[in-house]
Amino acid sequence: MTDAFAFPDGFLWGAATAAHQIEGSPLADGAGPSIWTRFAHTPGLTHNGDTGDVACDHYRRWKDDVRLMRELGLTAYRFSVSWSRVLPEGTGRVNPAGLDFYSRLVDALLEAGIEPLLTLYHWDLPAALDDRGGWLNRDCAGWFAEYATVMAKALDGRVRKWVTLNEPWVITDGGYLHGALAPGHRNKYEAPIASHNLMRAHGAAVQAYRAVGRHEIGLVVNIEPKYPASDAPEDQTATRRAHAYMNEQYLHPALLGHYPPELREIFGDAWPDWPAEDFALIRQPLDFLGINYYTRNVTRADGSWPLKAGAVKQPSATYTETGWEVFPQGLTDTLLWVRRTYGDIPLYVTENGAAFFDPPVAEGGRVRDPLRIDYLRRHLRAVHEAIRAGCDIRGYMVWSLLDNLEWSLGYSKRFGIVHVNYATQQRTVKDSGRWYANVVRSHGRAL
Ligand SMILES: OC[C@@H]1[C@@H](O)[C@H](O)[C@@H](O)c2[nH]c(CCc3ccccc3)c[n+]21
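Parameters and conventions
- Residues numbered from 1 in each chain as written.
- Predicted model: local features only at pLDDT ≥ 70, side-chain atom pairs only at ≥ 80, totals over all residues.
- Heavy atoms only, no water.
- Helix = DSSP H or I, 4+ residues; strand = E, 2+ residues; numbered from the N terminus.
- Rg over C-alpha atoms; globule rule 2.2 N^0.38 Å.
- Buried < 20%, exposed > 50% of the residue type's maximum accessible area, 1.4 Å probe, protein only.
- Contact = heavy atoms within 4.5 Å.
- Areas by Shrake-Rupley, 256 points an atom, 1.4 Å probe, with all protein chains shown as cover.
- Lys, Arg positive; Asp, Glu negative; His and termini not counted.
- Charge placed at Lys NZ, Arg CZ, Asp CG, Glu CD.
- Salt bridge = Lys/Arg side-chain N within 4 Å of Asp/Glu carboxyl O.
- Pairing = 2+ DSSP bridges.
- Axes fitted to C-alpha atoms, helices over the stretch in contact; angles between N-to-C directions.
- Core = buried A, V, L, I, M, F, W, Y, C linked by side-chain atoms within 4.5 Å.
- Near = heavy atom within 4 Å.
- Polar contact = N/O pair within 3.5 Å; in protein donor to acceptor, adjacent residues only side chain to side chain.
- Nonpolar A, V, L, I, M, F, W, Y, C, P; charged D, E, K, R; others polar.
- Phe/Tyr/Trp six-rings, centres within 6.5 Å; stacked < 30°, edge-to-face > 60°.
- Lys NZ or Arg CZ within 6 Å of the ring centre and 35° of its normal.
- Expected span 1.5 Å × (residues − 1).
- Bend = angle between axes of the 7 residues up to and from the residue.

Student: Where do I start with the overall build of the protein chain in this structure?
Tutor: Summing up its helical and strand segments, the protein chain has 16 helices and 13 strands in all. Relative to the 2.2 N^0.38 estimate, which gives 22 Å for 447 residues, the radius of gyration of the protein chain is 21 Å and therefore close to what a compact globule would have. Relative to its 447 residues, the protein chain shows a buried fraction of 63%. Counting contacts in the protein chain only where the partners sit at least 6 residues apart, residues at least 24 apart contribute 76% of the total. Total accessible area computed for the protein chain in this model is approximately 16400 Å², and 51% of it derives from carbon and sulfur atoms. Where the 47 positive side-chain charges of the protein chain centre and where its 52 negative ones centre are 3 Å apart.

Below, the structure is given as structure tokens:
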């Protein structure tokens, strides 16, 4: 009998984190501040005033955390580099202690048989570059290329899978349009400029990497599939607008060399005429795409700004602590859509997971999180369905290895398969972590 859930040979089973969310010690050993150091220390901007000053103390506990990954049997680990730890001013002077932290982390991962997937940018821009306009300054492409060159020279070969940006949509929509994330701008005219410059910087970093690196580089995007709430024409066009804005806005320029037409419709006079040469820079050949999937959106036309499209709550669905509908079919649909629209580029599910209300650690060190096990099992089966349908999916990274700092939501949301007691920094593998370890051990057959 063929195994029900046989995954391809070499399929990577991993977990994902990001520097600012787990490391702590943001200014240790010569590191410079990032926009999140500033944002979180600005009163009123984060839940409870939570900051990344300590987080999961991973900057000091990284050896134990790699040991934990090895005990879980992970074959890959996706993490991000804090740009301002390595380049305290963002460009120019390199901080050797910062580079050394990541070099030792990578060596420990390789020693444990764990493939590193390194994300260059996961939202924590050096504050010194924000002072120079940050992503609104077209010079950011050169800054990011310089940073990519420093990292490639230091780590390429030991790191063989590189990612330029994590989720340009969130960086732009959160940081420049709605202001919920650092640097906290709320400006319809800035958002397209930041968004376009992020993609120019992506292209420049891919070019810079290829001048030094000999391995693979890709882009990570969040995709939230949009399903029309009704057959009404206004709901159909609203769904199309929302899909173009969130799901096509970055993959189109990166892979097809142009934006979807809906963006000019959405932003109107705030959507510039971009210089044609920008698209040659943005559209660099990629070795893979990372897809971050959490939920879907049932969409209808409404008066909301700027999309005029809103979500329709699904009465019979299960929702996570972040208000996201549990909808595994959306992951299969997403992976098939990517292949249909952009071709057979290798894919990784670089984030998938859920925040549920976890009970406290019980006697004997157990955290019972059945809802997370159900979520992960159903989404991994959805990945397998896409593989059976012909998608070239090379790996899956659960978000997240550890409970960690959920950006503006602080420590109020727990996504980890490992519980973190923030008062003691004690790690406790949750039931979902034990379950995932078994799935990894069986190469998916235990699903
Ligand atoms: O919210 C859980 C995780 C974050 O902790 C990661 O840093 C980030 O890469 C990430 N992206 C998404 C999906 C996109 C999204 C982010 C924030 C808010 C709404 C949607 C979920 N997550």
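Student: Please clarify how the pattern of salt bridges should be interpreted in this entry.
Tutor: Oppositely charged side chains can form a pair if their charged atoms are brought close together. Per the stated rule, a full pass over the model turns up 31 salt bridges. Of the charged contacts, one joins Glu 351 and Arg 78 as a salt bridge, the two residues approaching to 3.0 Å between their closest N and O atoms. Here Glu 351 is found in strand 10 (residues 347-352), whereas its partner Arg 78 is found in strand 2 (residues 76-80), with 273 residues between them in sequence. The pair Glu 351 / Arg 78 is uniform in exposure class, with both members buried. Residue Lys 430 is joined to Asp 358 by a salt bridge in which the shortest nitrogen-to-oxygen separation is 2.5 Å. Highlighted residues: Lys 430 in the loop between strand 13 (426-429) and helix 16 (431-441) and Asp 358 in the loop between strand 10 and helix 15 (370-388), separated in sequence by 72 residues. Just as Lys 430 is buried, Asp 358 falls in that class too.

Student: Teacher, can you tell me more about the sheet that holds strand 8 (residues 297-301) here?
Tutor: Strand-to-strand pairing in sheets goes through backbone hydrogen bonds, with the strands running parallel or antiparallel. The strand order across the open sheet built from 3 strands is 6-8-9, with neighbouring strands paired in mixed fashion. On the outer flanks of this sheet lie strand 6 (226-228) and strand 9 (309-311), each paired with one strand and no other. Neighbour-to-neighbour, the strand axes of this sheet turn through a mean angle of 45 degrees, independent of strand direction. Where strand 8 meets strand 9, 3 bridges bridge the pair, whose relative direction is antiparallel.

Student: Could you clarify how one ought to interpret the nonpolar core in this entry?
Tutor: Here is a general trend for soluble globular proteins: nonpolar side chains tend to be buried in one another's company. Trp 83, Trp 135, Phe 144 and Tyr 436 are the most contacted members of the largest nonpolar core, which has 146 residues in total. It is helix 7 (residues 140-155) that provides the largest number of residues to this core, a total of 9 residues.

Student: Sorry if this is basic, but what is going on with unusual backbone geometry here?
Tutor: At the junction of Ala 182 and Pro 183, the peptide bond is cis and its omega measures out at 5 degrees in the coordinates. Topologically, Pro 183 is positioned in the loop between helix 8 (168-177) and helix 9 (190-212). Of note, the bond from Trp 399 into Ser 400 is cis; its omega dihedral lies within 30 degrees of zero at 10 degrees. Within the secondary structure, Ser 400 is located in the loop between strand 11 (393-399) and strand 12 (418-421). The phi torsion at Ala 55 lies on the positive side, around 55 degrees, for a residue other than glycine. For Ala 55, the position within the fold is in the loop between helix 2 (35-40) and helix 3 (58-72).

Student: How should the site of the ligand be read in this particular structure?
Tutor: Taken together, the neighbourhood of the ligand is formed by 14 residues, with Gln 21, His 122, Glu 167, Glu 351 and Glu 406 sitting nearest. Residue Asn 166 places a side-chain N or O atom 3.1 Å away from an oxygen atom belonging to the ligand. One nitrogen or oxygen atom from the side chain of Trp 399 is found 3.3 Å from an oxygen atom belonging to the ligand. Residue classes in the shell around the ligand are distributed as 7 nonpolar, 4 polar and 3 charged.

Student: Looking at this structure, I do not really get the side chain of Asn 247. What am I missing?
Tutor: Positionally, Asn 247 belongs in helix 10 (residues 233-248). One polar contact links the side chain of Asn 247 to the main-chain carbonyl oxygen of Glu 224, over a distance of 2.9 Å. Ignoring anything within four residues of it in the chain, the contact list for Asn 247 reads Asn 222, Ile 223, Glu 224, Pro 225, Lys 226, Ala 242, Trp 337 and Tyr 342.

Student: Explanation requested: the sheet that holds strand 10 in the structure shown.
Tutor: Judged by pairing direction, the barrel is parallel, and its 8 strands sit side by side in the order 1-2-3-4-5-7-10-11 before closing back on the first. Taking the axes of each pair of neighbouring strands and ignoring which way they run, one obtains an average angle of 25 degrees across the sheet. Pairing geometry for strand 3 (residues 115-121) and strand 4 (residues 161-166), over 4 bridges, is parallel. Within the sheet, the bridge partner assigned to Leu 117 lies in strand 4 and is Lys 161. Seen against the sheet, helix 7 touches strand 3 and strand 4 and runs at an angle of roughly 160 degrees to strand 3. The strands touched by helix 9 within the sheet are strand 4 and strand 5 (216-222), with strand 5 carrying the most contacts at an inclination of about 160 degrees.

Student: Could you clarify how one ought to interpret the packing of aromatic side chains in this entry?
Tutor: Applying the stated rule across the entire model yields 35 aromatic pairs. Judged by centre distance (4.9 Å) and plane angle (65 degrees), the rings of Trp 36 and Phe 39 are edge-to-face. With Trp 36 and Phe 39 both in helix 2 and 3 residues apart, this pair spans about one turn of that helix. An identical accessibility class is assigned to Trp 36 and Phe 39; each is buried. Considering the side-chain rings of Trp 123 and Trp 407, the 4.5 Å spacing of their centres and the 35 degrees angle between planes classify their relative orientation as tilted. Separated by 284 residues along the polypeptide, Trp 123 in the loop between strand 3 and helix 6 (127-130) and Trp 407 in the loop between strand 11 and strand 12 bring together distant segments of the chain. Judged on exposure class, the residue Trp 123 and its partner Trp 407 are both buried. Here a set of aromatic residues connected by ring pairs shows up, and it is made of Trp 169, Tyr 245, Tyr 259, Phe 267, Trp 271, Trp 274 and Phe 279. Here the guanidinium or amino end of Arg 296 rests over the ring plane of Tyr 227, the centre of that ring lying 5.2 Å away. When the ring centre of Phe 327 is taken as reference, the NZ or CZ atom of Arg 296 above it lies at 3.7 Å.

Student: Would you explain helix 3 in this entry?
Tutor: One turn of an α-helix holds 3.6 residues; hence residues three or four places apart share an orientation. The end-to-end C-alpha distance of helix 3, which contains 15 residues, comes to just 17 Å, noticeably less than the 21 Å that a straight helix rising 1.5 Å per residue would cover. Maximal helix bending in helix 3 amounts to about 40 degrees, located at Asp 64. Looking only at helix 3, the buried set comprises His 58, Tyr 59, Trp 62, Asp 65, Val 66, Leu 68, Met 69 and Leu 72. Just downstream of helix 3, Gly 73 is the residue with a positive phi angle, here 80 degrees.

So far we have only geometry, and geometry alone does not tell us how the molecule works.
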